[in-house]
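# Understanding the architecture of this molecule
The chain contents come next:
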Amino acid sequence: MKKHCLAALTFALFSAGALADPVEVKIGFAAPLTGPQAHYGKDMQNGILLALEEANAAQPKIGGKEVKFVLVTEDDQADPRTATMVAQRLVDAGIKGMLGHFNSGTTIPASRIYAQAGIPEIAMATAPAYTRNGYKTAFRMMTSDTQQGSVIGKYAVDKLNFKNLAVIDDRTAYGQGLADEFEKAAKAAGGKIVAREYTNDKAMDFNAILTKLKSGQPQVIFYGGTEVQAAPMVKQMKQLGIDATLMTGEMSKTDNFIKLAGDAADGVIASLAGLPIEQMAGGPAYVTKYEKRFGAKPSTYSPYAYDGTMAMIAAMKKADSVEPAKYLSALAATNMPGVTTPQLAYDAHGDLKIGGITIYKVIKGKWEALESIGGK
């Protein structure tokens, strides 16, 4: 009899222990984790991991139960077709929220799948089209290209006094969108677009395009694309004797761009969402904990990914539910301090309400901030 009682007690204690285990809440993540853009994806992933680890360390309770956030990771290879397959796999895996994708070209087609499943998505994508598809589930981590392109286009004409401008884009959703907004703003400020050319995100030889542009004598060439193309492009500009400044967006504002471009990097100008990290609301503290966790300095995207993750978790806590349909409205109503901004909030489209831009220039082999515009 005693043996039966002991067995029953042991079973009861075991069952109670099992019931006390945290409920796993799956959060999806997708970005390029292989290939030439893998470093962007890794930087984004690190910001998400840091946020989830902090949240889990606090042993959060939602809906009366202790929960543990688990990241379900997929490599979308920066490829739109792969991204849609990845998105369906994540939905089928039972994720409760989606952080990603990284590229606009992958985010836009994948967003339809998350929207159909009713799963909130906070993406790094900056192309305007992402939050203009009418999906209530779509939110953004960074300033959109509409904001960024309009600022740098106006800056090129008004502040740098460039009157003749040429534009090249890589035909991706990101590159074309950013270039379109730059062109629009430059024209509105009184600049003349002497040429508009196109390439692709795999090209490395730009001699034919640049030779064609040289005849128009542009003072600036704006490139909508990534560092992988921007670096050889500026080197080839120098080799062809083109006396023009290369301007570009945040995907070229990296230390790797300087490494790839070498001496040709000096003088290149790039725009980036928000403030320099040391001037961000929570920037210095973030750098310290990032370096402690990963043994390296954070790059461009990790603090924005961290903030997006914290916004999703905060919405779940506010709604007291991890079910997408229940916390979606709380996410849309987000109003909280973040690392990147003192007020993280979304407008009716899911874009950030506060989205300043900082203009950088490579001076003696280092990116130096020239001016921060808006967002304070």
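Attention here is on the structure that accompanies the text. Please read these numbers as outputs of a predicted model, since none were measured by experiment.

Let's shift gears to the pairing of strand 7 (residues 164-169). When a strand is regular, its side chains alternate between the sheet's two faces. A large share of strand 7 lies buried, amounting to five of its six residues. The pairing of strand 7 with strand 8 (residues 192-198) spans six bridges and is classified as parallel. For N164, the partnering residue across the bridge sits in strand 8 and is K192. For the crossover from strand 7 across helix 6 (residues 173-188) to strand 8, the handedness is right-handed. Across five bridges, strand 7 lies against strand 9 (residues 220-224) in parallel orientation. Bridge pairing links V167 to F222 in strand 9.

This brings us to the pairing of strand 14 (residues 357-363). Buried residues dominate strand 14, accounting for five of its seven residues. Judged from the five bridges that link them, strand 11 (residues 269-273) and strand 14 form a sheet pairing that is antiparallel. Note on strand 14: the bridge partner recorded for L272 is T358. Of the strand pairs in this sheet, strand 14 and strand 15 (residues 366-373) are connected by seven bridges, and their pairing is antiparallel. Residue pairing across strands places Y360 opposite A369, the latter belonging to strand 15. Where strand 14 folds back onto strand 15 in an antiparallel hairpin, the turn is made up of two residues, including K364, whose phi is positive at roughly 50°.

How two helices pack is summed up by the angle between their axes together with the distance between the axes. Contact geometry of helix 11 (residues 302-319) with helix 12 (residues 324-332) gives a least axis separation of 8 Å together with a crossing angle of 120°. By the angle between their axes, helix 11 is oblique relative to helix 12. Seen along the crossing, helix 11 lies across helix 12 with a hand that is right-handed. Residue-level contacts link A311, M312, A315, M316, K318 and A319 of helix 11 to K326, Y327, A330 and L331 of helix 12. For the contact of helix 11 with helix 12, a count of residues per class yields eight nonpolar, no polar and two charged.

Looking now at the environment of D43. Within the secondary structure, D43 sits in helix 2 (residues 38-57). For the pair D43 and E183, spaced 140 residues apart in sequence, the C-alpha separation works out to 30 Å. Leaving out residues up to four positions away in the same chain, D43 has contacts with Y290, P298, S299, T300, Y301 and S302. A polar contact is formed between the side chain of D43 and the backbone nitrogen of T300, at a distance of 3.3 Å.

Put simply, helix 5 (residues 145-158) and helix 6 touch, their axes get as near as 7 Å, and they point 45° apart. Viewed along their axes, helix 5 and helix 6 adopt a mutual orientation that is oblique. Relative to helix 6, the crossing made by helix 5 is right-handed. On the side of helix 5, the interface is formed by D145, T146, Q148, G149, S150, I152, G153, K154, A156 and V157, while helix 6 contributes Y174, G177, L178, E181, F182, A185 and A186. Here the residues of the contact of helix 5 with helix 6 sort into eight nonpolar, six polar and three charged.

In this section: unusual backbone geometry. Most peptide bonds adopt trans geometry, and most residues besides glycine take a negative phi value. Following G100, the chain continues to H101 via a peptide bond in cis, the omega torsion being 15°. Tracing the sequence through the fold places H101 in the loop between strand 4 (97-100) and helix 4 (104-117). A positive phi is found at Q59, a non-glycine position, where the angle reads about 50°. Residue Q59 is classed as exposed on the basis of its relative accessible area, which comes to 54%.

So, on to the nonpolar core. Counting 97 residues, the largest nonpolar core has F69, I221 and F257 as its most contacted members. When residues in this core are grouped by element, the largest group, nine residues, is from helix 11. When near neighbours in sequence (up to four residues on either side) are disregarded, I221 contacts A166, I168, L210, L213, M237, I242, A244, T245, L246 and M247. Membership of the second largest hydrophobic core comes to eleven residues, among which are V91, A110, Y114 and I119.

Let us look at helix 2. Under the 1.5 Å per step criterion, the end-to-end length of helix 2 is 28 Å for 20 residues, consistent within 8% with the ideal 28 Å. Among the residues trailing helix 2, Q59 stands out with phi positive, at a value near 50°.

Here is what the cut-offs are and how they apply
- Residues numbered from 1 in each chain as written.
- Predicted model: local features only at pLDDT ≥ 70, side-chain atom pairs only at ≥ 80, totals over all residues.
- Heavy atoms only, no water.
- Buried < 20%, exposed > 50% of the residue type's maximum accessible area, 1.4 Å probe, protein only.
- Helix = DSSP H or I, 4+ residues; strand = E, 2+ residues; numbered from the N terminus.
- Pairing = 2+ DSSP bridges.
- Right-handed = clockwise from strand over helix to strand, strands pointing away.
- Axes fitted to C-alpha atoms, helices over the stretch in contact; angles between N-to-C directions.
- Parallel < 35°, antiparallel > 145°, perpendicular 65-115°, else oblique.
- Left-handed = near helix turned anticlockwise from the far one by under 90°.
- Contact = heavy atoms within 4.5 Å.
- Nonpolar A, V, L, I, M, F, W, Y, C, P; charged D, E, K, R; others polar.
- Polar contact = N/O pair within 3.5 Å; in protein donor to acceptor, adjacent residues only side chain to side chain.
- Core = buried A, V, L, I, M, F, W, Y, C linked by side-chain atoms within 4.5 Å.
- Expected span 1.5 Å × (residues − 1).

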